[in-house]
Amino acid sequence: MDWSERVAGLCYGGDYNPEQWPEEVWREDVALMRRAGVNLVTVGVFAWSRLEPEPGRYDFGWLDRVLGLLHEGGVRVDLATPTASPPPWFTLAHPGALAVRRDLVPLTHGSRDTYCVSAPEYREASARIARALAERYSGHPALAMWHVHNEYGTPCHCDHTARAFRAWLRRRHGTLDALNEAWTTAFWSQHYSAWEQILPPRATQWLPNPAHALDFRRFLSDEMLDHFREQRDILRAAAPGVPITTNLHFGAWSPVNPWRWAGEMDLIAVDHYPGQAGEGAAEETAMAADLARSWAGGRPWLLMEQAPGMIHADGRMLAKRPGETLRHSLQHVARGSKGAMFFQWRASRGGAEQWHAGMVPHAGPDSRVFREVCELGALLGRLPADLAGPDARVEAGVAILWDPECSWALQAPSLPSPGLDHHDAVSQAHRVLWRHGVTADFAHPGADLSRYRMVLAPSLYLIGDAEAANLRAYVRGGGTLVVSYFSGVADEHGRVRLGGHPAAFREVLGVRVEEFHPLPAPVPLSDGGEGTVWSEHVHLDGARPLLRYAAPHPTGAELAGLPAVTVNRAGAGTACYVSTRLGDTAYARVLAAAGLPMEPAGVGAGVETVRRGPWLFAINHGADTREVKAHGTDVVTGVRAEGTLSLAPGGTALIRLDD
Amino acid sequence: MDWSERVAGLCYGGDYNPEQWPEEVWREDVALMRRAGVNLVTVGVFAWSRLEPEPGRYDFGWLDRVLGLLHEGGVRVDLATPTASPPPWFTLAHPGALAVRRDLVPLTHGSRDTYCVSAPEYREASARIARALAERYSGHPALAMWHVHNEYGTPCHCDHTARAFRAWLRRRHGTLDALNEAWTTAFWSQHYSAWEQILPPRATQWLPNPAHALDFRRFLSDEMLDHFREQRDILRAAAPGVPITTNLHFGAWSPVNPWRWAGEMDLIAVDHYPGQAGEGAAEETAMAADLARSWAGGRPWLLMEQAPGMIHADGRMLAKRPGETLRHSLQHVARGSKGAMFFQWRASRGGAEQWHAGMVPHAGPDSRVFREVCELGALLGRLPADLAGPDARVEAGVAILWDPECSWALQAPSLPSPGLDHHDAVSQAHRVLWRHGVTADFAHPGADLSRYRMVLAPSLYLIGDAEAANLRAYVRGGGTLVVSYFSGVADEHGRVRLGGHPAAFREVLGVRVEEFHPLPAPVPLSDGGEGTVWSEHVHLDGARPLLRYAAPHPTGAELAGLPAVTVNRAGAGTACYVSTRLGDTAYARVLAAAGLPMEPAGVGAGVETVRRGPWLFAINHGADTREVKAHGTDVVTGVRAEGTLSLAPGGTALIRLDD
Amino acid sequence: MDWSERVAGLCYGGDYNPEQWPEEVWREDVALMRRAGVNLVTVGVFAWSRLEPEPGRYDFGWLDRVLGLLHEGGVRVDLATPTASPPPWFTLAHPGALAVRRDLVPLTHGSRDTYCVSAPEYREASARIARALAERYSGHPALAMWHVHNEYGTPCHCDHTARAFRAWLRRRHGTLDALNEAWTTAFWSQHYSAWEQILPPRATQWLPNPAHALDFRRFLSDEMLDHFREQRDILRAAAPGVPITTNLHFGAWSPVNPWRWAGEMDLIAVDHYPGQAGEGAAEETAMAADLARSWAGGRPWLLMEQAPGMIHADGRMLAKRPGETLRHSLQHVARGSKGAMFFQWRASRGGAEQWHAGMVPHAGPDSRVFREVCELGALLGRLPADLAGPDARVEAGVAILWDPECSWALQAPSLPSPGLDHHDAVSQAHRVLWRHGVTADFAHPGADLSRYRMVLAPSLYLIGDAEAANLRAYVRGGGTLVVSYFSGVADEHGRVRLGGHPAAFREVLGVRVEEFHPLPAPVPLSDGGEGTVWSEHVHLDGARPLLRYAAPHPTGAELAGLPAVTVNRAGAGTACYVSTRLGDTAYARVLAAAGLPMEPAGVGAGVETVRRGPWLFAINHGADTREVKAHGTDVVTGVRAEGTLSLAPGGTALIRLDD
């Protein structure tokens, strides 16, 4: 049974840290939660030092009382294991279990997440506290789900890590010979003649080996997943039916590869904090939600954290616009989230995140933020119950290939241009689709892509042989593949594929790239536009050109008249190649030329629409009233739409479409 | 008896480091000092390795000869203990007594100030050399004052520091429970269950606990003060009547809180190096002097160091304009300094500060710099003797609240905006007053403020309960308080005060702030001007608005028409609130509206006037001739001013006012 | 016998790393080398882990086969000792032999060059592998030369280094007293009373002692030279007649002083990678070649590494323009290189430099890069054999003083301006000469300069007494010396010379500088131009002014009307002083005024001409056809030039001049 059937309705609430407040505040908390429509809170994420104040001595009394109060108030609990932040007593007793930086500086407690995930003492302590919680609360009536740890992400470079890394490398490569070959250790005399010679990436004299760095990122993801699985198995054994999750996230720093985690989690939960304000925040929100849904394989997932009323951008904590918190939350629900959760319930008085937003801000309930929290709770409460069910799937006809391993590989300091960025290229692809009203999934290059009419591969630098074959088969089977610059040039170990780029797709694209021409300034294109970041010397080998380079090239390269964008028929399908970074508009034109039906950008500008089963979500992010095409009934207001629905600035609608 | 009575006349001179020069230069030095009118030099600041070339073996012969020559030449001596720079033999013998960075990197000798102020070996060595100097020189006829150490400021994060920090925390907080509460350790599971778990702030995984960081800054100040007191007591016991000082300084990096040091020092001495050229340098100079006078409680203080002829700005050593050294020096004297001292007498040939300015520059006495040094000496020599006496107090009707603890707290990386800066806000307040001819004191928020007609509280983030009550009482008793944005929002431990900002002053200000709106770009105001850095959603609760927010707000916040600046009657007094960062002109208008009489900026632009007892100092920093209102006689030139005095560009005057 | 007679003809090839490729590729390599005209390859630079896979166990079989194949193919071998990159087994066995950063962070393997050159274990291992190679290959028929190590440049701050540094200091200074005097340790109490107190520069509290830092840079160069000599002596003993080299380089980071190395090397080899594209790359290339020739004392040298078809600029790998690789290579040959070598033969598939250029790029031989490699090989093959002989010397009438010790000294963080940069000032001087068709040598300030009509001293901060006397004698003997700002102000230990700048040259220049005025913005000059970075208060003391400062000075200094550039007759010669940083055009005018005949810039713009014995090289870097004045025959095309030769854009010519 899917987790979403076990947890009824839409979830609404946030992280609740009662240990920061005197007990008299708790009753007010529950009363305010009821007022706001909160029905689920995450408890205990950072409570280890309260739950186990000394090694082996547990203090559950306060948590019993908290859970009791919540249960009385009708608020379910997502109970967390607190292993993301070991107490000072732990780190004092086990200095060798703390994280060590790549320059071998040992970290100390005083923040959060200071531990080495490979340290045996930490593993044991983690299992012990998880077991204690499981034993005490697995039968608690308030328990809705388990939340293991928090935002996995602490890298470590210590000797424990070194041992675990070597064991992982043995499993991955089998023999030292294979590892030496995969890492090209013949370069710079790095040949390893014994496993114990291998270290985590540490401070070294100059450029590191990129294959070493990449495998370390992969190892970190798997090693953290091991830690998750240990706790999951303990919790599952104690409470077989209760869903178990952890809160995923993404970003350049994250060592977690969600594609490898998804299958191990009962439910995909994600945290999302946009990094820009305004339309950018809405676009990032849509992308985060589409990623989460894709990791969940299209099944319901849960937005576990967002910030109420605030966006952290460029080092400032900007207030969200009126209604923006509601609109972002609705974007998540529209794109498959079974609810909207926040960090955190009540803004902390002290500590490192005392200025982080809270559903109950420092100013108290008489505040815009709390009023909007109540509005959102009321709205979610009015949404139809079957919206959260399995029949309300989001359907997408396009997939964007997203692979964190590519992002990691493109963080190497030795690439031909600093402008090469898989995540940025993927974001552009998603943004263009979003602005043109196209809902997209994300996919791993090795996934079954047959249900998509189009697949985009933006700067997919690294690709394994099997994945490359998968994409070629997709095209030959009738699909349309749009490959962007610096894709398919390296194998899974980051070794350059030889003989002309992009070697993995050369044949299906019908081109051969003889030379890369990174750009110090834009290059003009034959349509009067320009390419940035990158250009290539492309030879046609069956493809026909859609766009050409024009003169002058900023480096003096003689590319004028040569193809910049090409299209090729291969088998029953089509493959486009985009050899430079196009602007959003030009990229959209390529997708249209490749046959993708899109809304004209500008007409519905700022209005986001998403189909989820029989429902249409419509969200007006803009400053003007807009018309949305629909035949149906707004399930919140009861208003009928006979062809069009008028949406005020900032307005939202959930329309049950006719038949 | 005040120190200023023990040291006759105005002091003029600088740091004199004869150990850098062959003995034949010393006689020339004394001759040049006489030519320049020098009457006081600081000797021995960095002479430890010369005074004690091996542990316990002292070489005082050279110092005897130096002091003898100076005495013969009529130059008094400010004799320094050399503990700011232990010799290499010390650091080699006691590697554990060296400073350790927050990332646990041990520092080594090779610069200056490399020691851990909490290391017992360093404390003992410091006391030993201080005692040896006291024994030998306490009766020396040249001895005018003692100078302990130099610019206290080396932080350390080692285990000695950890022990001392814990002892300090025990004294401050009493119990671990109190500390846990004050530091909000319930956040992120930082609860301490034993004192030994507490460390100095060291490299950690992510954001540090701001209360931990703040207490560490407080501890450093107190710990260094302990070191000062140990030496002071040794020196005082040996030479009861000789004043004892150390050279204070200020700036973001400084760990010293002068408010806590002032009472322990016989005389307040300060170093001042402006960080910008031109008018900015003059303004900074006035501010530094006003700070020093305020630390000294209005009594005479001493400018111990400034740079002759040079300003270090933006990484460049800019030459001061002709006469600028004299004008800066006169600013200090006008604002209460009993003289003008420099670093250093003779520019060093080698070493890290070989390009630092000297009164005798590398080019020798035949140089602009030395000529100006002589002019200044001559001028100081012509000033009336009673100017240095106790009756020549500077009187100020306005106080600006300045609290280094606020500056430290606002260095936390987790604040809502990087633009929040107590020191910068205080500087603006001082600059505006300075440009409008208003002389201001600085004050601690807990001080007796009753003699001021107006008190300014610029971004006074942190405030204790007693200090908050003090300010409220000041208003109710008839004072005028002008509070700027992000003031009074946190208690002394940096915990946010709840229920609506600025909680400490809400009642007296007659406002309630519901939400902060940090600004990514300026916001327009109702007077056509604009606010920067910060805005707030202000509710009137008795106050009336002076200025309102206009549209559009850069984040889309709906503040248009809401109050930006307010004024409120409370008891017998008045309290203004400024919820955004105003420009200098708009801030001046608020002060005027709150009843402060000010000179119109622009009329006397560039001319600084300061009343000190019966004297009026007038300094023309500008490029135009200006008229100064005065009835009296210039005591240097004998020129009469019958209503106005004409001041040439760069000119100065000291007028004894009639009656 | 000079090395250039032992190695016949022009060398053409690059680093060849067959260990990165399966053996079946090797035959293709040799075939492609023959196609490209390659006749010399550098083998084994990074092959230590392949040659000695375990301590003391050698595997030479593969190298035997490689050398055999090359020999069969007619390709000679520059055989490298692989000591720049010890294998992981070495660093694991000898953790104390790895480099340690100044903050004492130990570096680990995983890059290249991770070793402490002073560690006895590393020295022993280096000698052992050098001896093994010498024994096996000293008689190999393919062996053309030995290549010791690679780009010396790893600094270390460990205790081994400390011991070696102290020994070096003893040799340099003799006594501690002399060292204390030279380092001005009286400043900041740094007096050393025992040798063991002296450490390498490590992390310290604040500004370091600049003399300490400078001597450490000098030590590093000498220490690395010791390592070179150890290997050289082993190789020389085994194969007496085979030339021995290492590849020098230059740049701010380089610890090597080529003036001290040149005499120890059989042949000067250099690596050169320009840091900018376009004309800047051509200028840098000319300068690198002139430096190399000057280090070699005018004898033939060898360009050992350049990048085929690519320039790394501003973090991007820009493709060279069509023909640019050939033109750069010809610049080197024109300026004395006995050939043109590249890094590397075949672009690596993996490793940290997988995106570095290769003669055979990833795209394979069917590529622009390889086609240009073949063209260049063909051209070099057509050049006359005696071009590489001893009679084809480049003659230069001007010398630019270049001293890496000045660059090191100007890296101190305590200078009056961050704009002071010896290398940058030298580059400007060379660029101006290059653009005006003047071929220049570089020289050490202590060299015999009598054959030059003019010597330029750009920002020659540091100068020893003997070197200063040498320059004065050069002028008095009839030479023309042009000294730029901030020259001659410090002695060899970096101690400021007193009494008026620039003390070392005051007399010969006929000026006395009273005060420096670093510039925060440009200062106008009397010719309508402007000076940047720096200005000075110059008194004439015999000299006459060529250019004066105008108003206003950006700091308010009163320099208007005072001399900015002066000229002075001294003895039989002339000495000019340039007290500010002039633009290129103004600097050229000063050189012309000082009597240097120059081509007018603009007429031959973009065409570089160099005389080498009876040959004239002409290279058109520009985009227009240009005429070159010549009577002679192009030895490649056979075309006659009767007065002028027309050179197409990008074209080159090598003209045997008539008689």
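Residues numbered from 1 in each chain as written. Chains lettered and ligands numbered in written order. Predicted model: local features only at pLDDT ≥ 70, side-chain atom pairs only at ≥ 80, totals over all residues.

A. Looking closely at the interface of chain A and chain B. Every contact between the two is made by 50 residues of chain A and, on the other side, 49 residues of chain B. Broken down by secondary-structure element, the contributors of at least two residues to the side of chain A that touches chain B are α3 (48–51), α5 (88–93), β10 (316–319) and α13 (368–382) of chain A. Top element by residues in the side of chain A that touches chain B is β10(A). It accounts for 4 residues. Grouping the constituent residues of the side of chain A that touches chain B by class yields 22 nonpolar, 17 polar and 11 charged. (Contact = placed C-beta atoms within 7 Å. Helix = DSSP H or I, 4+ residues; strand = E, 2+ residues; numbered from the N terminus. Nonpolar A, V, L, I, M, F, W, Y, C, P; charged D, E, K, R; others polar.)

B. Up close: helix α6 (residues 120–137) of chain A. Residues and elements named next belong to chain A. Over its 18 residues, α6 runs 26 Å from end to end, which matches the ideal 26 Å to within 8%, given 1.5 Å per residue. Buried residues of α6: Tyr-122, Arg-123, Ala-125, Ser-126, Ile-129, Ala-130, Leu-133, Ala-134 and Tyr-137, and no others. Buried positions in α6, seen along its axis, are confined to an arc of 170° and lie on one side of it. Its buried side turned inward, α6 meets α3, β3 (76–80), α5, β4 (143–147) and α9 (210–238). (Expected span 1.5 Å × (residues − 1). Buried ≥ 20, exposed ≤ 12 C-beta atoms within 10 Å, placed from the backbone. Arc of directions from axis to C-beta.)

C. Quick peek at the confidence of the model for chain A. On average, residues of chain A carry a pLDDT of 96, and 99% of them reach 70 or more. Here the complex is predicted with pTM 0.97, and the ipTM for its interfaces comes to 0.96. (pLDDT = per-residue confidence, 0-100.)

D. Molecular detail of the sheet that holds strand β22 (residues 573–578) of chain B. Residues and elements named next belong to chain B. With mixed pairing, the 7 strands of this open sheet are ordered in space as β13-β12-β14-β15-β22-β21-β20. Edge positions in the sheet fall to β13 (440–443) and β20 (544–548), since each of these pairs with one other strand and no more. With direction set aside, neighbouring strand axes in the sheet form an average angle of 20°. Relative to β22, strand β15 (residues 480–484) runs parallel, the two being bridged by 5 bridges. Paired with Val-482 across the strands is Cys-576, a residue of β22. (Pairing = 2+ DSSP bridges. Axes fitted to C-alpha atoms, helices over the stretch in contact; angles between N-to-C directions.)

E. Seen up close, the relation of the copies chain C and chain A. Take chain C, turn it by 120°, move it 0.0 Å along the axis, and it overlays chain A with an RMSD of 0.1 Å. Taken together, the rotation and translation relating the two chain copies correspond to the operation of a three-fold axis. Ranked by how close their C-alpha atoms come to the rotation axis, the residues of chain C are headed by Val105(C), at 4.7 Å. (Least-squares fit on C-alpha atoms with pLDDT ≥ 70 in both.)

F. Inspection of the environment of Leu318(A) at higher detail. With respect to the helices and strands, the residue Leu318(A) is situated in strand β10. With 25 C-beta atoms counted inside 10 Å, the residue Leu318(A) sits in the buried group. Between the C-alpha atoms of Leu318(A) and Ala277(A), which are 41 residues apart in sequence, the distance is 7.7 Å. Apart from residues no more than four positions distant in its own chain, Leu318(A) is found in contact with Ala277(A), Met310(A), Ile311(A), Ala313(A), Pro518(B), Pro520(B) and Thr555(B).

G. Quick peek at the pairing of strand β3 (residues 76–80) of chain B. Residue and element names in this part refer to chain B. Burial analysis of β3 places 5 of its 5 residues in the buried class, the great majority of the element. Burial of the side chains of β3 extends over both faces: Arg-76, Asp-78 and Ala-80 are buried on one face and Val-77 and Leu-79 on the other. Here strand β2 (residues 40–43) runs beside β3; their pairing, made up of 4 bridges, is parallel. When the bridges of β3 are listed, Leu-40 appears paired with Arg-76. Here β3 runs beside strand β4 (residues 143–147); their pairing, made up of 4 bridges, is parallel. Paired with Leu-79 across the two strands is Trp-146, which belongs to β4.

H. A look at the sheet that holds strand β7 (residues 269–271) of chain A. Residue and element names in this part refer to chain A. Strand order in this open sheet of 9 strands is β5-β4-β3-β2-β1-β11-β8-β7-β6, and the pairing throughout is parallel. Only two strands of the sheet have a single neighbouring strand rather than two, namely β5 (244–245) and β6 (247–248). Sheet topology note: the strand β1 (residues 11–16)/strand β11 (residues 337–342) ladder contains 4 bridges and is parallel. Within β11, the residue paired with Gly-13 across the bridge is Met-341.

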